[in-house]
Amino acid sequence: GDVSDDVIHKYPMGVSDIQIIEMPIGATLLSVQEQRGMLTLWAIVRPGELESRVFRVYGTGQPLAHAWGVYLGTVQLNGGLVVHVFDCGTKRNGG
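Novice: Help me out: how do you make sense of the packing of aromatic side chains in this one?
Specialist: What characterises a pair of aromatic rings is the spacing of the ring centres plus the angle enclosed by the ring planes. This model, assessed by the stated rule, comprises two aromatic pairs. Ring geometry for Tyr-58 against Phe-86: centres 5.6 Å apart, planes inclined by 80°, an arrangement best described as edge-to-face. Of this pair, Tyr-58 sits in strand 5 (residues 50-59) while Phe-86 sits in strand 7 (residues 82-90); the two residues are 28 residues apart in sequence, bridging distant segments of the chain. By relative accessible area, Tyr-58 is classed as buried at 4%. Phe-86 gets classed as buried once you look at its relative accessible area, which sits at 9%. By way of ring pairs, the aromatic residues Tyr-58, Tyr-71 and Phe-86 are connected into one cluster.

This is the structure:
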């Protein structure tokens, strides 16, 4: 048929500097936005085995890590906080 096994899922995020989200292996990250006051990530996933994906969230003016990752987006949250979200790939065993 013309329907795949892929679906779009959302993943609520906090605003802490480093976040680890469990999501299916090979997820395609789509967007980060504010939803109902919460930083939220959307991704295309194929349900199955999970991996730990690492994200960094920076406020404007905050120093960046040396390996800041791949930029996903800038989000203006309701309280006026502006954050910038980066994908740092998967968490390897032991590190």
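From this point, the discussion proceeds with the structure in view.
Novice: Is there a simple way to think about the nonpolar core in this case?
Specialist: General note: in soluble globular proteins, nonpolar side chains tend to be found buried as a group. Core analysis: the biggest nonpolar cluster contains 17 residues, and Tyr-11, Met-13, Ile-21, Met-23, Leu-39, Leu-41 and Phe-55 have the highest contact counts within it. Filtering out sequence-adjacent residues up to four positions away, Ile-21 remains in contact with Tyr-11, Met-13, Leu-41, Glu-51, Ser-52, Arg-53 and Phe-55.

Novice: Whenever I open this one, the sheet that holds strand 2 (residues 18-24) confuses me. Can you help?
Specialist: Sheet strands line up and pair through hydrogen bonds in the backbone, either parallel or antiparallel. Taken together, four strands build an open sheet; the order of strands is 2-5-7-6 and the sheet is antiparallel. Taken across any chain shown, the strands that pair with only one partner, and hence form the sheet edges, are strand 2 and strand 6 (70-76). Taken over all neighbouring pairs, the strand axes of this sheet differ in orientation by 30° on average, direction set aside. Across seven bridges, strand 2 lies against strand 5 in antiparallel orientation. Looking at strand 5, one finds that Met-23 is bridged to Glu-51.

Novice: Please clarify how the environment of Thr-90 should be interpreted in this entry.
Specialist: In this structure, Thr-90 sits in strand 7. A residue is classified by how much of its surface remains accessible, and Thr-90, at 22% relative accessible area, is partly exposed.

Novice: I tried to follow the pairing of strand 7 on my own but got confused; where do I start?
Specialist: Remark: a regular strand shows side chains that alternate across the two faces of the sheet. Sheet topology note: the strand 5/strand 7 ladder contains six bridges and is antiparallel. The partner of Val-57 across the bridge, within strand 7, is Val-85. Here strand 6 runs beside strand 7; their pairing, made up of six bridges, is antiparallel. Counterpart to Gln-76 in the pairing with strand 7 is Val-82. The antiparallel pairing of strand 6 with strand 7 creates a hairpin that spans five residues between the two strands, and Gly-80 there sits at a positive phi of about 100°.

About the thresholds
All residue numbers refer to positions counted from 1 along the written sequence of the respective chain. Residues qualify for local features only when their pLDDT is at least 70, as the model is predicted, and side-chain atom pairs are given and counted only at 80 or more; totals for whole chains, interfaces and linings, by contrast, use all residues. With hydrogens and water excluded, all non-hydrogen atoms of the structure serve as input to the side-chain values. Only rings of Phe, Tyr and Trp enter the pairing, Trp through its six-membered ring, and a pair is recorded when the two centres are within 6.5 Å. The plane angle decides the type: under 30 degrees is stacked, over 60 is edge-to-face, the rest tilted. In DSSP terms, a helix is any run of H or I states spanning at least four residues, a strand is any run of E spanning at least two, and both are numbered starting from the N terminus. Accessibility here uses a 1.4 Å probe with only protein chains present; expressed as a share of the type maximum, an area under 20% marks a residue as buried, one over 50% as exposed, and anything in between as partly exposed. What we call a nonpolar core is a set of buried Ala, Val, Leu, Ile, Met, Phe, Trp, Tyr and Cys residues that are connected through their side-chain atoms within 4.5 Å. Any two residues whose heavy atoms approach within 4.5 Å at even a single point are treated as in contact. Should DSSP find at least two bridges between two strands, the strands are regarded as paired. Helix axes are fitted to C-alpha atoms over the stretch in contact, other axes to C-alpha atoms as well, and angles between N-to-C directions run from 0 to 180 degrees.

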